[in-house]
Amino acid sequence: MGKTATRDPILIRWGLTFLALIFLTLFLALPLLTVLVEAFAKGWAAYQRALSQDDTLAAVRLTLLVALIAVPLNVIFGLAASWAIAKFDFRGKSLLVSLIELPLSVSPVISGLIYVLLFGLQGWLGPWLADHDLKVIFAVPGIVLATVFVTFPFVARELIPLMEEQGREEEEAALTLGASGWRTFWLITLPNVRWGLLYGVLLCNARAMGEFGAVSVVSGHIRGLTNTMPLHVEILYNEYDFVGAFAVASLLAILALVTLAAKTALEWWHRDELVATGR
Amino acid sequence: MTVTALLPLRRTRVAASVIPGFGLTLGYSLLALSLIVLLPLAALLLKAAGTGLDQWVRILTDHRVLSALWLSFGGALAAALINTVFGLLVAWVLVRYPFPGRKLVDAFVDLPFALPTAVAGIALTSLYAGNGWLGRILVPLGIKVAFTPVGVVVAMVFIGLPFVVRTVEPVLQDVDLELEEAAASLGADRLQTFWRVILPAIGPSLLTGFSLALARGVGEYGSVIFIAGNLPGISEIAPLLIITKLEQYDYVGATAIATLMLLISFSLLLAVNLLQKWRRSRMGG
């Protein structure tokens, strides 16, 4: 009876599969499809026109700039933190890991608020910044900081379990044979974790370019200056420029699909060199 | 701050390793963690600590604040429960019932992780608005989703789903088929096997997925504000009220709501963690 005992009747199998697919269609596929349909609702020319506006182009440039600063910062942090955590034993390690993951459970709006309380005009450092003519809140530095905060754990949490799993023998062997620390890192550790690093970078970048709540609080929504792509989507939408809003949204949706495809390809072809996939 | 933080982190096995860079990498990690995460969060708590008791009482008895908190936590709870049921269903189908295109569907489940929340927000709104694909069917039936609290729950279901699927799926893959066979040979039918054998095995992961989806829903902003309608006292979520208070330069009010949200969220996550620990210790080795 072995096999039949754990196999459900065909009606139940089909019924449940159908129900699951209906649910996924309603909640995931339809929203994605809507974005593309609405973006092209008035044709290709209107779509192109919407994307070639100056404010839209400025938003695209700012989003790229912010990701270009935030992602490398979190790569450096992720590499440093995972090296310290995976290659050495020290007390308080699990506390450190929990603290690194803290931003994941903070509301995006609160992630923005904390920087306003620190750097805003009424904030702790506000008067000092104003005296020195420095602007953080309602300017690009604030947007970068809020983005770094919300994406802070993304690279580290892919690398830490991966490096822990790989152990220390290879590094110890290289060092014993006379390689320098840097050489060992570049030639042994980095190649070992390259797919995990790429995986973390993909997720980090998707979130950095798509972050809305945290950036919304610190940006000030100045068109052409402090508007990222997601914020520009909101402004256009609230002005009833639906083609414009969905055109910019379609670019972000394409980014999401490319991210998903690349992430899935990594999971299919390099599953052995990734741990903690998903989540 | 950094110095005191360093003390419990001293290395416990100094001579055993030839690997260099402990001081550099740990020092840099702690510096970045302190500057980006800990100090700004401390600024929030400090501001909250400086708020007088009478102000706390005034803010937290305000009808608008209470209903916003109620909507954020209640909506997130409803969405997390829906996601627990349907997330389990999706995970079950993906693991147990092979069908063509299963791998693609499996990858597609992560869409809410990758799609920016503002994009999800305007897409859901146009779907459920009176002239949208789903609104056209639902509104004549008297079911209003867009611009009501129901819309808030719908958006929270969207962003929470992958948390449940992704935590349950690997555990479901590891459930021992022999246990199910044993249950069947002892006379249990499939439903009994599911309740008595499978559910206890995947229960902890289901609870973890539920709490992650709940935590995400409570703090969610981008995907919710477009579909919510944002009527104060009815469909206004707590994160939006924080932003409204900030725009009115009511920093004390914004801080109080934010602190309360953080405290409740962390207590919930801690409670779930403790529950899991207690369960593990009761189950024994």
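Cut-offs and rules
Residues numbered from 1 in each chain as written. Chains lettered and ligands numbered in written order. Predicted model: local features only at pLDDT ≥ 70, side-chain atom pairs only at ≥ 80, totals over all residues. Helix = DSSP H or I, 4+ residues; strand = E, 2+ residues; numbered from the N terminus. Buried ≥ 20, exposed ≤ 12 C-beta atoms within 10 Å, placed from the backbone. Contact = placed C-beta atoms within 7 Å. Axes fitted to C-alpha atoms, helices over the stretch in contact; angles between N-to-C directions. Parallel < 35°, antiparallel > 145°, perpendicular 65-115°, else oblique. Nonpolar A, V, L, I, M, F, W, Y, C, P; charged D, E, K, R; others polar. Expected span 1.5 Å × (residues − 1). Bend = angle between axes of the 7 residues up to and from the residue. pLDDT = per-residue confidence, 0-100.

(A) Fine view of the overall build of chain B. Broken down by element type, chain B carries 14 helices and zero strands. Dimensions of chain B, computed from the C-alpha atoms along their principal axes, are close to 75 × 65 × 35 Å. Taking all 285 residues of chain B together, 43% fall into the buried category. Of the contacts made within chain B by residues no fewer than 6 positions apart, 78% connect residues no fewer than 24 positions apart.

(B) Just the packing of helix α6 (residues 108-119) of chain A against helix α2 (residues 22-49) of chain B, in detail. At a minimum axis separation of 8 Å, α6 of chain A and α2 of chain B run at an interaxial angle of 75°. Classed by the angle they form, the pair α6 of chain A and α2 of chain B counts as roughly perpendicular. Contacts between α6 of chain A and α2 of chain B involve L113, I114, Y115, L117 and L118 of chain A from the former and P40, L41, A43, L44 and K47 of chain B from the latter. A per-class count over the contact of α6 of chain A with α2 of chain B returns nine nonpolar, no polar and one charged.

(C) View of helix α13 (residues 238-247) of chain B. Residue and element names in this part refer to chain B. Burial within α13 is extensive, with seven of its 10 residues counted as buried. Within the span of α13, buried status applies to A238, P239, L240, L241, I242, K245 and L246. Phi for Y249, located one or two positions after α13, is positive at around 60°.

(D) Representation of the interface of chain A and chain B in the model. Of the residues lining the interface, 79 residues belong to chain A; the matching set on chain B comes to 77 residues. Ranked by residue count, the leading element in the side of chain A that touches chain B is helix α2 (residues 10-39) of chain A, at 15 residues. When its residues are assigned to classes, the side of chain A that touches chain B shows 53 nonpolar, 15 polar and 11 charged.

(E) Spatial organisation of helix α8 (residues 140-166) of chain A. All names here are of chain A. Relative to the 39 Å expected for 27 residues at 1.5 Å per residue, α8 spans 39 Å between its end C-alpha atoms, a close match to the ideal helical length. The axis of α8 is deflected most strongly, by about 45°, at V150, and proline P153 appears within four residues downstream. Of all 27 residues in α8, 21 are buried; the element is thus mostly enclosed. Positive backbone phi, at 75°, marks G167, one or two positions downstream of α8.

(F) Fine view of the confidence of the model for chain A. With 96% of its residues at a pLDDT of 70 or more, chain A has an overall mean of 93. Looking across chain A, the model is least confident in helix α1 (residues 2-5) of chain A, with a mean pLDDT of 54, and most confident in helix α4 (residues 54-87) of chain A, with 97.

(G) A look at the confidence of the model for chain B. Residue and element names in this part refer to chain B. The share of residues in chain B with pLDDT of 70 or more is 93%, and the mean pLDDT across the chain is 90. The least confident element of chain B, judged by mean pLDDT, is helix α1 (residues 2-6) at 47; the most confident is helix α7 (residues 117-128) at 97. Contacts of residues 1-6 to residues separated by more than four positions or lying in other chains number seven contacts, the stretch itself having pLDDT below 50. Confidence metrics for the complex model read pTM 0.92 and ipTM 0.93.

(H) Summary view of the environment of A50 of chain A. Residues and elements named next belong to chain A. Structurally, A50 is set in helix α3 (residues 43-51). Exposure remark for A50: the 21 C-beta atoms within 10 Å place this residue in the buried category. A50 sits 59 residues away from V109 along the chain, and the two C-alpha atoms are 29 Å apart. Dropping the residues within four chain positions of it, A50 is found in contact with T56, V243, G244 and A247.

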